[in-house]
Amino acid sequence: MRVVEEPERLAEVLGGSAGWSPRVASWSADGRLLASDVPVSRGSITYAVSSDKICELSLVVPRRVDGVDWSPRGNPDHPLARFGQRLDVSVIVTSKLGGVWTLRQGRFLVTGWQESPSAITVTGEGMLRLAKDSATASPVQPTAGETFAALARRLAPAGVSVAFDDALVDRAVPSAAITKSGRLEALAELADAWPALLRSDDWGQALFRAPLPEVPTPVLEFTDGLVTGARGTVVSAPFNDNRDGYNVVRARSSAPGLENLYAEARTTSGPMAVDTYGEVVQEWSTPLATTRAALQTSAESLRARSVRPSRSRTVTHAPDPRIELDDPVSVHVDGAREWGYVTGYKLPLTVEDGDMTTTVAVAA
């Protein structure tokens, strides 16, 4: 969850009647402030671990405010134009009893806009869009002694910095070249081989996060009005269960001369155990693993990550700007409690945008 001052008081405010508004600032690609406070009438931010976009932004801006026309038409340097402009988005929470909290939500590259007589609709994606659009000129060869963190910084395109979870243990990268030319694909392969989770943080950085523990320790509980002694925030929480996801991962090295190096991770307990569920196999290979131990670690991480989203709840609830991807949470509805991790959410940016939805992958 996002770190804030007076977290207990903010939790109480969010559970009651909180004021809620966005703050959007626009910056040019070369670091010039183009607008400190873009007027926003509607909007939302969407995060999803299953998307290569990871995070998306949608804004509706009034066409004219105080005599200013907010249409970017004909002006490549306009705050809402799509020529490298970045939008920094925060949510301002206020309490009627006093207290203001500013929670940063992300940095987004403007990807498009559409005008009408009364409004401008703006779309954006997280800064990893720059990595998705960019490619290396040739296979990337790690230098002698280069570590995973150092190589990640080298693979990141101009305009995207890289951050690392303190829980990750950096180590030297094998000497085999990365053959994927797309920078986002190469960063994702590096993350899988480390292993790590590739995310986008609130400052637009490519964030490498440590794999999640098998058992979540909830930092937030979603509750309905049926929970004794709890203030209900859940409007609905329908369940989704499907056969998507792999319970077996077979990993091979693709480093020259090591093509026969192999490791396998299998789900051996729970309802997706291979003995009862059957095998659903994912084949995975990388030149960045040159020992069986490295392959096994990556295979186990990929297996856990793949199995997790197959059972999920989409929780509709009062907006909470503290929530982030991978937060461990519990869902206590209809008299039952389940634990899991946040795999996606859609955060409304104004009161008029209604409730928030959060997808929680619950333990199988």
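What counts, and at which threshold
- All residue numbers here refer to positions counted from 1 along the written sequence of the relevant chain.
- At least 70 in pLDDT is required for a residue's local features to be given in this predicted model, at least 80 for side-chain atom pairs to be given and counted, and no such filter applies to totals for whole chains, interfaces and linings, which use all residues.
- Here the side-chain values reflect all heavy atoms present in the structure, with hydrogen atoms and water set aside.
- Ring pairs are drawn from Phe, Tyr and Trp, using the six-membered ring of Trp, whenever the two centres fall within 6.5 Å, and their geometry is named by plane angle: stacked under 30 degrees, edge-to-face over 60, tilted for the rest.
- Each helix is a run of H or I in the DSSP string that is no shorter than four residues. Each strand is a run of E no shorter than two, and both are numbered from the N terminus.
- A simple rule labels every residue: compare its accessible area, found with a 1.4 Å probe on the protein chains alone, to the largest value its type can have, and call it buried under 20%, exposed over 50%, or partly exposed in between.
- We call a charge positioned over a ring when the NZ of a Lys or the CZ of an Arg lies within 6 Å of the ring centre and within 35 degrees of the ring normal.
- For two strands to be treated as a pair, DSSP must find at least two bridges joining them.
- Angular values range over 0 to 180 degrees, each being the angle between N-to-C directions of two axes fitted as lines to C-alpha atoms, with helices fitted over their stretch in contact.
- Whether two residues are in contact is decided by their heavy atoms: any pair within 4.5 Å suffices.
- A cavity here means a set of 1 Å grid points, computed over protein atoms only, where a 1.4 Å probe fits but cannot escape. A pocket is an open set with protein on both sides within 12 Å along at least 5 of 7 lines, and lining residues have an atom within 4 Å of a point.
- Grid points are joined across faces, edges and corners, and a volume is the space filled by probe spheres set on the points.
- Residues were grouped as follows: Ala, Val, Leu, Ile, Met, Phe, Trp, Tyr, Cys and Pro as nonpolar; Asp, Glu, Lys and Arg as charged; and all remaining residues, including Gly, as polar.
- If an angle is under 35 degrees, it is roughly parallel; if it is over 145, roughly antiparallel; if it lies from 65 to 115, roughly perpendicular; otherwise it is oblique.

1. Quick notes on the packing of aromatic side chains
Piece 1. For the structure shown, the criterion picks out 5 aromatic pairs.
Piece 2. Ring centres of Phe-148 and Trp-194 lie 5.4 Å apart, and the angle between their planes is 35°; on these two criteria the pair is classed as tilted. Linking Phe-148 in helix α3 (residues 148-155) with Trp-194 in the loop between α4 (183-193) and β11 (197-200), this pair joins segments that are 46 residues apart in sequence. You'll find Phe-148 and Trp-194 in the same group, each marked buried.
Piece 3. By relative accessible area, Trp-194 is classed as buried at 6%.
Piece 4. An aromatic cluster is present here, built from Phe-148, Phe-164, Trp-194 and Phe-208 joined pairwise through their rings.
Piece 5. The ring of Trp-203 carries Arg-104 above its face, with NZ or CZ at 3.5 Å from the centroid.
Piece 6. Positioned over the ring face of Tyr-277 is Arg-243, at 4.1 Å from the centre of the ring.

2. Looking at the sheet that holds β11
Piece 1. The 3 strands lie next to each other as β10-β12-β11, forming an open sheet whose pairing is mixed. Each having just a single partner strand, β10 (162-164) and β11 make up the two edges of the open sheet. Neighbour-to-neighbour, the strand axes of this sheet turn through a mean angle of 25°, independent of strand direction.
Piece 2. Pairing geometry for β10 and strand β12 (residues 206-209), over 3 bridges, is parallel. Within β12, the residue paired with Val-162 across the bridge is Ala-206.
Piece 3. Contacts between α4 and the sheet are confined to β11 and β12, with β11 contributing the most and set at about 135° to the helix.

3. Looking at the layout of surface pockets
Piece 1. Roughly 970 Å³ of volume is contained in the largest pocket.
Piece 2. Contributing to the lining of the largest pocket are 40 residues, with Val-49, Ser-50, Ser-51, Arg-199 and Arg-305 lying nearest its centre.
Piece 3. Of all elements in the fold, only α4, β11, β18 (281-286), α6 (292-307) and β21 (336-348) reach the threshold of two or more residues within the lining of the largest pocket.
Piece 4. Take the lining of the largest pocket: its biggest share by element is 6 residues, from α4.
Piece 5. Its residues assigned to classes, the lining of the largest pocket comprises 18 nonpolar, 12 polar and 10 charged.

4. Considering the packing of α3 against α4
Piece 1. Interhelical geometry of α3 versus α4 gives an angle of 170° and a closest axis separation of 10 Å. One finds that α3 runs roughly antiparallel with respect to α4. In this structure, α3 uses Phe-148, Leu-151, Ala-152, Arg-154 and Leu-155 to contact α4, whose residues at the interface are Arg-183, Ala-186, Leu-187, Leu-190 and Ala-193.
Piece 2. Counted by class, the contact of α3 with α4 contains 8 nonpolar, no polar and 2 charged residues.

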